[in-house]
Amino acid sequence: MQHIFIINPTAGKVDASVALIPQIHAAASRAGVRPTIEVTRRAGQARDLSAKYASSGQEVFLYACGGDGTLNEVLQGAAGYDNAAVGCVPCGSGNDYVRNFGTQAQFLDLDAQLAARPFTVDMIRTPQGCGIDIYAAGIDAQVANGIPKWRRVPLCGGTTAYTLSILEAVCSTFRHRLRITADDRQMEDVYMMLAICNGQQYGGGYCAAPHASMTDGLLDVVLLKPVPRLKLPGLLGAYKKGEHLLEDDAVAEKFKPYMTFFRTSQIDIEVLDGNPLITTLDGECSPQMQMHAEAVRSAAHILLPPELAANANETPVLQAMGE
């Protein structure tokens, strides 16, 4: 068994490798294993390293040490390899992936990481690559796209950067006319936000899909039509808590004039007004005129620390999960 730690030194506000490397060696010594540590120096290197180790054929645990973007790269490199499983050591600003399962502290416990158990989950396949959490566009993607600018402001950390980016997006006039085609429906309207969800959490703790499962072969789709500016902050606050959907997946009363929710195995979205969408796939942003997403069953193996693995079947996002 190989234990590979891939560290992105530019994730978060400080270089995580400084503190993390000695902690990894200490935990590995206690576990009686010999880790391999790779520190990335360029965009895409985490994906390349992950693919290299996964393609070796040896059983390998790959630990993405960084933010959600680093995790996305490592997952893309390991996708499709049954011998490779991916863990997350959250050192970024948002760290939304780990919120699907537990707390950041539980994933920062390196002793627990070295004792982690693998589980099989679905992924989202898109033209921009594969993702595990949420593929989004609209005001929420605009928020993600604006965060790096705010992080460069002194004393503006992860949560503050998210808040300022949200306020900036709320004050914009972001609207798009879209044609949406899914398994059993087609619609055309003006929207300000859409989220295509395999996981539940994104955007610094926003619970876009409170009942999403990573093991059901379906994507939870949330569409939001334009909302009056005075109402938008209150609705965003409820959206962050996952209060827009009731237990039976019905849309909550105050969201009904604006929100549509459904599940599908695949979805296509076409921009009809000529203005590119800002999209985000697990935190990685790009402009697109079209979006396509499909659920890929059992495409990845993830690692959960023992405490979380023991309760995996009780975790909403993994309720149907098998090892």
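Overview of the structure.

**Details of the overall build of the protein**
Stage number 1. Looking only at helices and strands, the protein features ten helices and 18 strands.
Stage number 2. Within the protein, contacts between residues at least 6 apart in sequence are counted, and of these 72% link residues at least 24 apart.
Stage number 3. Of the roughly 13600 Å² that the protein leaves accessible, carbon and sulfur atoms contribute 50%.

**Some remarks on unusual backbone geometry**
Stage number 1. Here the phi dihedral of D249 falls at roughly 75°; this positive angle occurs in a residue that is not glycine.
Stage number 2. Unlike most non-glycine residues, S298 shows phi in positive territory, near 50°.
Stage number 3. Note that S298 resides in strand β18 (residues 290–304).
Stage number 4. A relative accessible area of 45% means that S298 is categorised as partly exposed.

**A word on the packing of aromatic side chains**
Stage number 1. Applying the stated rule across the entire model yields four aromatic pairs.
Stage number 2. Judged by centre distance (6.4 Å) and plane angle (50°), the ring pair of F101 and F107 falls under tilted. In this structure, F101 and F107 share a single accessibility class: buried.
Stage number 3. Ring pairs connect the aromatic residues Y97, F101 and F107, which therefore count as one cluster.
Stage number 4. Note that R185 overlies the ring of F262, its terminal NZ or CZ placed 4.2 Å from the centroid.

**Observations regarding the sheet that holds strand β10 (residues 193–197)**
Stage number 1. If you trace the six strands from one edge of the open sheet to the other, you get β14-β13-β10-β7-β16-β17, paired in antiparallel fashion. This sheet does not close on itself; its edge strands, each paired only once, are β14 (259–264) and β17 (284–288). Geometrically, the sheet is characterised by an average inter-axis angle of 15° between neighbouring strands, direction not taken into account.

**Comments concerning helix α3 (residues 68–78)**
Stage number 1. Counting buried residues in α3 gives ten out of eleven residues, a clear majority hidden from the surface.
Stage number 2. Residues D68, G69, T70, L71, N72, E73, V74, L75, G77 and A78 constitute the buried set of α3.
Stage number 3. G80 occupies a position one or two residues after α3 and carries a positive phi of about 90°.

**Observations concerning the pairing of strand β3 (residues 60–66)**
Stage number 1. Among the seven residues that make up β3, seven are buried, leaving the element largely enclosed by the rest of the structure.
Stage number 2. Residues V60, L62, A64 and G66 point to one face of β3 and F61, Y63 and C65 to the other, with burial holding for every one of them.
Stage number 3. Note that the unit made of β3, α3 and strand β4 (residues 84–90) has a crossover that is right-handed.

**Some thoughts on the pairing of strand β9 (residues 185–191)**
Stage number 1. Summarising the sheet, strand β8 (residues 176–182) and β9 pair through seven bridges and their orientation is antiparallel. Bridged to R177 within β9 is V190.
Stage number 2. Where β8 folds back on β9, the antiparallel hairpin that results is connected by two residues.

**Let's talk about the pattern of salt bridges**
Stage number 1. Applying the stated rule across the entire model yields 13 salt bridges.
Stage number 2. In this structure, R185 engages D184 in a salt bridge whose closest nitrogen and oxygen atoms are separated by 3.5 Å.
Stage number 3. A relative accessible area of 31% places R185 in the partly exposed class.
Stage number 4. Exposure remark for D184: the relative accessible area of 60% places this residue in the exposed category.
Stage number 5. Note that K256 is salt-bridged to E253, the shortest N-O span being 3.3 Å.
Stage number 6. Look at the salt bridges and you will find they share partners, linking R177, R179, E188 and E270 into a network.

Each value, and the rule that gives it
Residues numbered from 1 in each chain as written. Predicted model: local features only at pLDDT ≥ 70, side-chain atom pairs only at ≥ 80, totals over all residues. Heavy atoms only, no water. Helix = DSSP H or I, 4+ residues; strand = E, 2+ residues; numbered from the N terminus. Contact = heavy atoms within 4.5 Å. Areas by Shrake-Rupley, 256 points an atom, 1.4 Å probe, with all protein chains shown as cover. Buried < 20%, exposed > 50% of the residue type's maximum accessible area, 1.4 Å probe, protein only. Phe/Tyr/Trp six-rings, centres within 6.5 Å; stacked < 30°, edge-to-face > 60°. Lys NZ or Arg CZ within 6 Å of the ring centre and 35° of its normal. Pairing = 2+ DSSP bridges. Axes fitted to C-alpha atoms, helices over the stretch in contact; angles between N-to-C directions. Right-handed = clockwise from strand over helix to strand, strands pointing away. Salt bridge = Lys/Arg side-chain N within 4 Å of Asp/Glu carboxyl O.

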